[in-house]
Amino acid sequence: MKKTPARFRRNPGPTRGFFITFEGIEGSGKSTQCRSLAAWLRNQGYQVLETREPGGTRLAEQLRACLLDRTEEPVTPWTEALIVLAARSQHVDQVIRPALEMGAIVLCDRFLDSTLAYQGYGRGLDLRLLARMSEMAAGKLSPDLTFLFDVPVAIGLRRRHHNQLQINRIDAESLQFHERVRRGFRALVRRHPRRIRLIDADRLPDVISKDVERLVGERLTRRRLARAR
């Protein structure tokens, strides 16, 4: 987890309040692409904050551990959802919103779409209720741009095991669960085509990074031109 800067220099430029989220199933490569874009943006001279969900603050990271640690005690779907939403409320209030107000580009590894995909489509919770509760937890904050890194479930899970990453409680779910999550993400793209950009993640990371950089560069340019009118 990146340490949250205590203060950002106020920036009156075109990127003020720009919020980008990275979504995808396990092993989709979204975290790698988040780090890559952050480095590229900093090289362009932008102020960037990298963060993640669940997490981003000390309390939210503790909640993340409760969510992901493997335990013999069953975790109900609503318990899971409420942990995610509690962490989000803390994260938005303490980290994301202050950074946006001070002019940073905020890059967040997972946000509201993951809640709908995992706890909604994956666990079967009511999507409308979950969306309303997520909106409340985030104080109605929504991303300006979202990247969904799409890859077949079998490939994503194989990547997780091949990279010798720690297998958490969500990773260990059934193949059917992960397939429902993937279908959920793709359904969200159809619902929000202007905000969510679908990225083929079954390619070399450098090739994907170039696509992401191009799309972000285009959005920032349009934003700058709109502000200049």
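Everything discussed here concerns the structure shown above.
Residues numbered from 1 in each chain as written. Predicted model: local features only at pLDDT ≥ 70, side-chain atom pairs only at ≥ 80, totals over all residues. Heavy atoms only, no water.

### Things to note about unusual backbone geometry
Leaving glycine aside, a negative phi is the common case for residues, and trans is the common case for peptide bonds. Here the amide bond leading from Glu53 into Pro54 is cis, since omega sits at -15 degrees, within 30 degrees of zero. Mapped onto the secondary structure, Pro54 falls in the loop between strand E2 (48–52) and helix H2 (58–68). Here the phi dihedral of Arg110 falls at roughly 80 degrees; this positive angle occurs in a residue that is not glycine. By relative accessible area, which is 11% here, Arg110 ends up buried. Positioned with a positive phi, Lys140 is a non-glycine residue whose angle comes to about 65 degrees. (Helix = DSSP H or I, 4+ residues; strand = E, 2+ residues; numbered from the N terminus. Buried < 20%, exposed > 50% of the residue type's maximum accessible area, 1.4 Å probe, protein only.)

### Considering the side chain of Ser209
Here Ser209 shows up in helix H8 (residues 205–228). Using a relative accessible area of 7% as the deciding quantity, one classes Ser209 as buried. A polar contact of 3.2 Å, which involves the side chain of Ser209, links it to the side chain of Ser36. If we skip the residues at most four places from it in the chain, Ser209 touches Gln33 and Ser36. (Polar contact = N/O pair within 3.5 Å; in protein donor to acceptor, adjacent residues only side chain to side chain. Contact = heavy atoms within 4.5 Å.)

### Structural notes on the packing of aromatic side chains
In this description, an aromatic ring pair is defined by two values, namely the gap between the centres and the angle between the planes. In this structure the tally under the stated criterion is six aromatic pairs. Plain terms: the ring middles of Phe22 and Phe149 are 6.0 Å apart, the flat faces sit at 5 degrees to each other, and that makes the pair stacked. Pair noted here: Phe22 is in strand E1 (residues 18–24) and Phe149 is in strand E4 (residues 145–150), with a separation of 127 residues, a long-range link. Each member of the pair Phe22 and Phe149 is classed as buried. Ring geometry for Tyr118 and Phe185: centres 6.1 Å apart, planes at 80 degrees, overall edge-to-face. (Phe/Tyr/Trp six-rings, centres within 6.5 Å; stacked < 30°, edge-to-face > 60°.)

### Points about a nonpolar patch on the surface
Taken together, Trp78, Leu82 and Leu129 make up a surface patch of nonpolar side chains, about 240 Å² in accessible area. Given a relative accessible area of 31%, Trp78 falls into the partly exposed group. (Patch = residues over 30% accessible without salt bridge, like charges linked within 9 Å, V, L, I, M, F, W, Y side chains within 5 Å. Areas by Shrake-Rupley, 256 points an atom, 1.4 Å probe, with all protein chains shown as cover. Salt bridge = Lys/Arg side-chain N within 4 Å of Asp/Glu carboxyl O.)

### Topic: H8
When the terminal C-alpha atoms of H8 are compared, their 34 Å separation across 24 residues agrees well with the 34 Å that a helix rising 1.5 Å per residue should span. Buried residues along H8 sit in contact with E1, helix H1 (30–43), strand E3 (105–109), E4 and strand E5 (196–200). (Expected span 1.5 Å × (residues − 1).)

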